[in-house]
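Secondary and tertiary structure notes
Here's the letter readout for the chains.
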Amino acid sequence: MKDLKINKQEIIDKTAAFVQDQLKDAESGHDWWHIVRVWNNCKLILKTEDADPLVCELTALLHDIADSKFHDGDEEIGPRIAGEFLTSLNVDQNTILHVQQIIRNMSYKASLGQLDFHSKELAIVQDADRLDAIGAIGIARAFNYGGFKNREIYNPNIPPALNQDKETYKNSVAPTINHFYEKLLLLTDKMNTSSAKAIATERHRYMEDFLQQFYAEWQGER
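Now for a quick tour of the structure. Just so you know, these numbers come straight off a predicted model, no measurement behind them.

**Comments concerning the overall build of the protein chain**
- In terms of regular secondary structure, the protein chain is built from 11 helices and zero strands.
- Seen in sequence order, the protein chain has helices and strands lined up from the N terminus as α-α-α-α-α-α-α-α-α-α-α.
- Compactness check: the protein chain gives a C-alpha radius of gyration of 18 Å against a globular reference of 17 Å for 222 residues, within 12% of the reference.
- A principal-axis box enclosing the C-alpha atoms of the protein chain has dimensions of 65 × 35 × 35 Å.
- In the protein chain, buried positions account for 49% of the 222 residues.
- Total accessible area on the protein chain is roughly 11,800 Å²; 49% of this is exposed by carbon and sulfur atoms.

Here it is, written out as structure tokens:
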């Protein structure tokens, strides 16, 4: 039992080192530090949830190893790279397949399509990732990505597109403020675990306060 625990920790340590190296030049909203925050969120949620910690931590580390939006929309490149790397560490096949399935199904855009896979581990890692998309850090990430894609901050003539399907969401080039209504403000109600819901409620309120201040400044009221 002692050797097994050491082996699992070695797998996590090697995975962390691999991901840090692979994402050293990534867009800063999806870089190594995003991974660290999601990983920490995952470990926090695991304190109150019963699930396989190895699957959760490996997925938290590998979930953005090749985000499809930076790879011409290829939704299989991430699971493939994750699988190849974990295979090189002799991780058991069931764990690898589980990690790959979570990566395929955990994103917000995936939730807008047909989902045929569910697990407790998916729920936990999905919550951990969504927590990093809201609150102060979520706001910073949204505008960072908008700048990266050269999108407008706000355009009052372009209203948010609500109730989007997967393809519409993927192809959106809307101003960053629209993203709050098209995704960020919807995430709190989509949290799976009680601990994530509690954290999300406070971060949601922060985003609402930010938007109120933003519109006041836009109109020259403050």
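**Describing the nonpolar core**
- By size, the foremost hydrophobic cluster in this structure holds 56 residues, and its most contacted members are V19, W32, C42, L61, L86 and F180.
- Top element by residues in this core is helix α2 (residues 32-46). It accounts for eight residues.
- Setting aside anything within four residues of it in sequence, one finds V19 in contact with W32, I35, L61, L62 and I65.

**Side note on helix α3 (residues 53-62)**
- The buried fraction of α3 is high, at nine of 10 residues.
- Of all the residues in α3, the buried ones are L54, V55, C56, E57, L58, T59, A60, L61 and L62.
- Between the side-chain oxygen of the N-cap and the backbone nitrogen of L54 there are 3.0 Å, and the N-cap of α3 in question is D52.

**Section: the packing of helix α4 (residues 77-88) against helix α5 (residues 93-105)**
- Running from N to C, α4 and α5 cross one another at 160 degrees; their axes reach a closest spacing of 9 Å. On the basis of their axis angle, the class for α4 and α5 is roughly antiparallel. You can see that α4 and α5 cross each other, and the crossing is right-handed. Across from G78, P79, R80, A82, G83, L86 and T87 in α4, the residues of α5 making contact are I96, V99, Q100, I103 and R104.
- Among the residues forming the contact of α4 with α5, the class breakdown is six nonpolar, four polar and two charged.

**Things to note about the side chain of S172**
- Among the structural elements, S172 can be located in the loop between α9 (166-170) and α10 (176-182).
- Taking the relative accessible area as the measure of exposure, S172 reaches 18% and is therefore buried.

**Observations concerning the environment of P159**
- Along the chain, P159 falls in the loop between α8 (135-148) and α9.
- When its relative accessible area of 58% is taken as the criterion, P159 is described as exposed.
- Separated by 125 residues in the primary sequence, P159 and H34 have C-alpha atoms spaced 29 Å apart.

**Overview of the state of the cysteines**
- Under the defined criterion, the tally for this structure stands at zero disulfides.
- C42 forms no disulfide, and the closest cysteine sulfur to it belongs to C56, at a distance of 4.7 Å.
- Accessibility expressed as a relative area gives 0% for C42, which makes it buried.
- Using a relative accessible area of 0% as the deciding quantity, one classes C56 as buried.

Reading the values: rules and limits
Residues numbered from 1 in each chain as written. Predicted model: local features only at pLDDT ≥ 70, side-chain atom pairs only at ≥ 80, totals over all residues. Heavy atoms only, no water. Helix = DSSP H or I, 4+ residues; strand = E, 2+ residues; numbered from the N terminus. Rg over C-alpha atoms; globule rule 2.2 N^0.38 Å. Buried < 20%, exposed > 50% of the residue type's maximum accessible area, 1.4 Å probe, protein only. Areas by Shrake-Rupley, 256 points an atom, 1.4 Å probe, with all protein chains shown as cover. Core = buried A, V, L, I, M, F, W, Y, C linked by side-chain atoms within 4.5 Å. Contact = heavy atoms within 4.5 Å. Polar contact = N/O pair within 3.5 Å; in protein donor to acceptor, adjacent residues only side chain to side chain. Axes fitted to C-alpha atoms, helices over the stretch in contact; angles between N-to-C directions. Parallel < 35°, antiparallel > 145°, perpendicular 65-115°, else oblique. Left-handed = near helix turned anticlockwise from the far one by under 90°. Nonpolar A, V, L, I, M, F, W, Y, C, P; charged D, E, K, R; others polar. Disulfide = S-S within 2.5 Å.

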